[in-house]
Amino acid sequence: MPAPVSQRWFWAMVSLHWLLIEGCTEFSLPRGANDGAVIITRAMEYTAGLGQWNVVNNLPGQKRQSSAPYLKDGLAWTSKYGSATIRQTNYAIGTSDGVNTAGLSVSALWFPHYAHYQAVGNNVSSALYHAMFALWALDNFATPEEVVAALPTVRVWAIDGTLWPLHYGVYGSNGTGFIIEYDGSVGSGYTVYRSMGVLTNAPSYGWHTTNLRNYVNLSPWHDKAAGKVPAPFGYGSGLLGLPGGNSPPARFVRVAVTRRLMLSLTNGSKADESSSSEEGEPSYAPCCKDLESLLVTAQHLANTVDVMKGLSLNDPWGTNVIEYTVWVVVKQLQPYPRLFIRTYNDMRLRPIDVQVGKSMTMIPLSRV
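Sequence order as written defines the numbering, with residues in each chain counted from 1. A pLDDT threshold of at least 70 governs which residues receive local features in this predicted model, and a stricter bar of 80 or more applies before side-chain atom pairs are shown or counted, although totals over entire chains, interfaces and linings include all residues. Side-chain descriptors were evaluated using all non-hydrogen atoms of the structure, hydrogens and water having been removed beforehand.

**Some words on the sheet that holds strand 12 (residues 177–181)**
For step 1, the next point in the chain: At least two bridges found by DSSP between two strands are what make those strands a pair. Only DSSP runs of H or I with at least four residues qualify as helices, and only runs of E with at least two residues qualify as strands; both kinds are numbered from the N terminus onward. Strands sit in the order 13-12-11-8-7-6-3-20 across an open sheet of eight strands; the sheet is antiparallel. Pairing within the sheet leaves two strands with one partner each, and these edge strands are strand 13 (191–194) and strand 20 (361–364). Neighbouring strand axes in the sheet, compared pairwise and without regard to direction, differ in orientation by 20° on average.
For step 2, the next point in the chain: With four bridges connecting them, strand 11 (residues 166–171) and strand 12 associate as antiparallel partners. Each residue of the ladder has a partner; that of Tyr168, found in strand 12, is Ile180. Helix axes are fitted to C-alpha atoms over the stretch in contact, other axes to C-alpha atoms as well, and angles between N-to-C directions run from 0 to 180 degrees.

Structure representation (structure tokens):
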């Protein structure tokens, strides 16, 4: 059923509200050795509090309608999978995160200055508004490979080409994932990267992964060589140079390095690379033996990029705007889909009382 014109304009106004978002961080943790658990964690930095953020349980069989340029109707589909999503407002446009019944996770993160969306031209029936990308993927696909394979079938567009700039992280129930960036690349108009388990914001994902080469010297080990002059003051000297700021490159490096070191820990000894998983990460690391240890590890890792009030300020309209970590969501992909949430004023990680795809519900995050 075509969306009414008033709703299309409403979607545009919601996009303007998202301009208050400047930073986000996402990371994955691999399969638990004991129960096969896989989780994806995302922190939302925002300036307007919990506001209209809701947890929504989406049923299969829902009819969707994207808009197209010039107030036309774009891509239409019927949801194949149920999902639990976090979105702003009551409309599908504001979906930022979710997991579906097949164990697919999708997140939309801020990507300013580098997002360049596709021209629709005469392909109106394939026009997908970029703020509906996450819901489209969750509705239709079971694996990240399926999402990537479907990209040539849609034209992802945005108002003025850059409003609400986003890039996307998609992960499957086996822990593999891709980063999708609409960057105006010649030919396709987008670039797909194999995820290394971390995503923040601008610049491009390729830039972030290349930048990690500046930090290959970082180590959890401190030099205890007898007679070394000058001697380190104590533990932690191996991580001198780890960025501590809140910029996207600093957060990317901090999470990537910390995540790798945590995953390489094997009972206090150096990792045995011969026992690594296919993705190069020891499957027997103590931090990832089961779902409980994964959730503990996810919280500790999220804490490394937690932005307290007063640490990130902006003055876009002559008034101080305070950005902080409003909420953190942990998406459990295996052994079954589930969401956990914590908010700025309640740091306890707690499961959200939804049964993914079983009944249509909406719960304000302020009441979780």
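**Overview of empty space enclosed by the protein**
For step 1, the next point in the chain: We place a 1 Å grid over just the protein atoms. Points where a 1.4 Å probe fits but has no way out form a cavity, open points with protein on both sides within 12 Å along at least 5 of 7 lines form a pocket, and any residue with an atom within 4 Å of a point lines it. Grid points are joined across faces, edges and corners, and a volume is the space filled by probe spheres set on the points. For the coordinates displayed, the defined rule picks out one cavity of 30 Å³ or more.
For step 2, the next point in the chain: The volume enclosed by the largest cavity comes to roughly 40 Å³.
For step 3, the next point in the chain: The greatest single-element share of the lining of the largest cavity, amounting to three residues, is contributed by strand 17 (residues 324–334).
For step 4, the next point in the chain: Residues of the lining of the largest cavity, tallied by class, amount to four nonpolar, two polar and two charged. Classification used: nonpolar for Ala, Val, Leu, Ile, Met, Phe, Trp, Tyr, Cys and Pro, charged for Asp, Glu, Lys and Arg, polar for all others including Gly.

**Section: the packing of aromatic side chains**
For step 1, the next point in the chain: Geometry of aromatic contacts follows a simple scheme: Phe, Tyr and Trp rings, the Trp one being its six-membered ring, pair when their centres are within 6.5 Å, and the pair is stacked under 30 degrees between planes, edge-to-face over 60, tilted otherwise. In total, this model carries 13 aromatic pairs according to the counting rule given.
For step 2, the next point in the chain: Consider the rings of Trp136 and Phe141, whose centres lie 5.1 Å apart with planes at 80°: the pair is edge-to-face. The same class applies to Trp136 and to Phe141, which are both buried.
For step 3, the next point in the chain: By way of ring pairs, the aromatic residues Tyr117, Phe133, Trp136, Phe141, Tyr168, Tyr182 and Tyr190 are connected into one cluster. Only protein chains enter the accessibility calculation, which uses a 1.4 Å probe; a residue is then buried when its area is under 20% of its type maximum, exposed when over 50%, and partly exposed in between.

**A short note on unusual backbone geometry**
For step 1, the next point in the chain: The linkage connecting Ala202 with the following residue, Pro203, adopts the cis geometry, with an omega of 5°.
For step 2, the next point in the chain: Relative to the helices and strands, Pro203 resides in the loop between strand 14 (198–199) and helix 4 (205–211).
For step 3, the next point in the chain: At the junction of Gln334 and Pro335, the peptide bond is cis and its omega measures out at 5° in the coordinates.
For step 4, the next point in the chain: Inspection of the secondary structure assignment puts Pro335 in the loop between strand 17 and strand 18 (338–343).
For step 5, the next point in the chain: At Tyr70, a residue that is not glycine, the phi angle is positive and equals roughly 65°.
For step 6, the next point in the chain: Topologically, Tyr70 is positioned in the loop between strand 4 (63–68) and strand 5 (72–78).
For step 7, the next point in the chain: Residues other than glycine seldom take positive phi values, yet Leu71 does so here, at roughly 60°.
For step 8, the next point in the chain: Relative to the assigned elements, Leu71 resides in the loop between strand 4 and strand 5.

**Some details on the nonpolar core**
For step 1, the next point in the chain: To form a nonpolar core, buried Ala, Val, Leu, Ile, Met, Phe, Trp, Tyr and Cys residues must be joined to one another through side-chain atoms within 4.5 Å. Grouped together as the largest cluster of nonpolar side chains are 91 residues, with contacts concentrated most on Leu128, Phe133, Trp136, Tyr182 and Trp327.
For step 2, the next point in the chain: Ranked by residue count, the leading element in this core is strand 17, at seven residues.
For step 3, the next point in the chain: Excluding anything up to four places from it in sequence, Tyr182 contacts Tyr114, Ala115, His116, Tyr117, Gln118, Phe133, Leu151, Val156, Tyr168, Gly189 and Tyr190. In this analysis, two residues are considered to be in contact whenever any of their non-hydrogen atoms come within 4.5 Å of each other.

**Describing the confidence of the model for the protein**
In regions of low pLDDT, the predicted coordinates are not meant to be interpreted in detail.
For step 1, the next point in the chain: On average, the protein scores 83 in pLDDT, and the residues at 70 or more come to 79%.
For step 2, the next point in the chain: Note that pLDDT drops below 50 for residues 1–19; the model gives that stretch 45 contacts with residues more than four away or on any other chain.
For step 3, the next point in the chain: Considering only residues more than four positions removed or in separate chains, one finds that residues 267–284, a stretch of pLDDT under 50, has 36 contacts. A residue's pLDDT is the confidence the predictor assigns to it, expressed on a 0 to 100 scale.

**A word on helix 2 (residues 133–140)**
For step 1, the next point in the chain: Counting buried positions along helix 2 gives eight out of eight residues, so the element sits mostly inside the fold.
For step 2, the next point in the chain: If you check which residues of helix 2 are buried, you get Phe133, Ala134, Leu135, Trp136, Ala137, Leu138, Asp139 and Asn140.

**Looking at the pairing of strand 4**
For step 1, the next point in the chain: Burial runs high along strand 4: five of the six residues are buried.
For step 2, the next point in the chain: By the bridge criterion, five bridges tie strand 4 to strand 5 in an arrangement that is antiparallel. What sits directly across from Arg64, in strand 5, is Trp77.
For step 3, the next point in the chain: Connecting strand 4 to the next strand, strand 5, in antiparallel fashion are three residues, including Tyr70 with a positive phi near 65°.

**Notes on the environment of Leu349**
For step 1, the next point in the chain: Positionally, Leu349 belongs in strand 19 (residues 346–351).
For step 2, the next point in the chain: For the pair formed by Leu349 and Val330, sequence separation is 19 residues and the distance between their alpha carbons is 8.5 Å.

**As for the sheet that holds strand 14**
For step 1, the next point in the chain: In space, the six strands of this open sheet follow the order 14-1-2-17-18-19, with antiparallel pairing throughout. With partners counted over all chains shown, the strands left at the sheet margins are strand 14 and strand 19, one partner each.
For step 2, the next point in the chain: The sheet contact formed by strand 18 and strand 19 spans three bridges and is antiparallel. Of the residues in strand 19, the one forming a bridge with Ile341 is Arg350.

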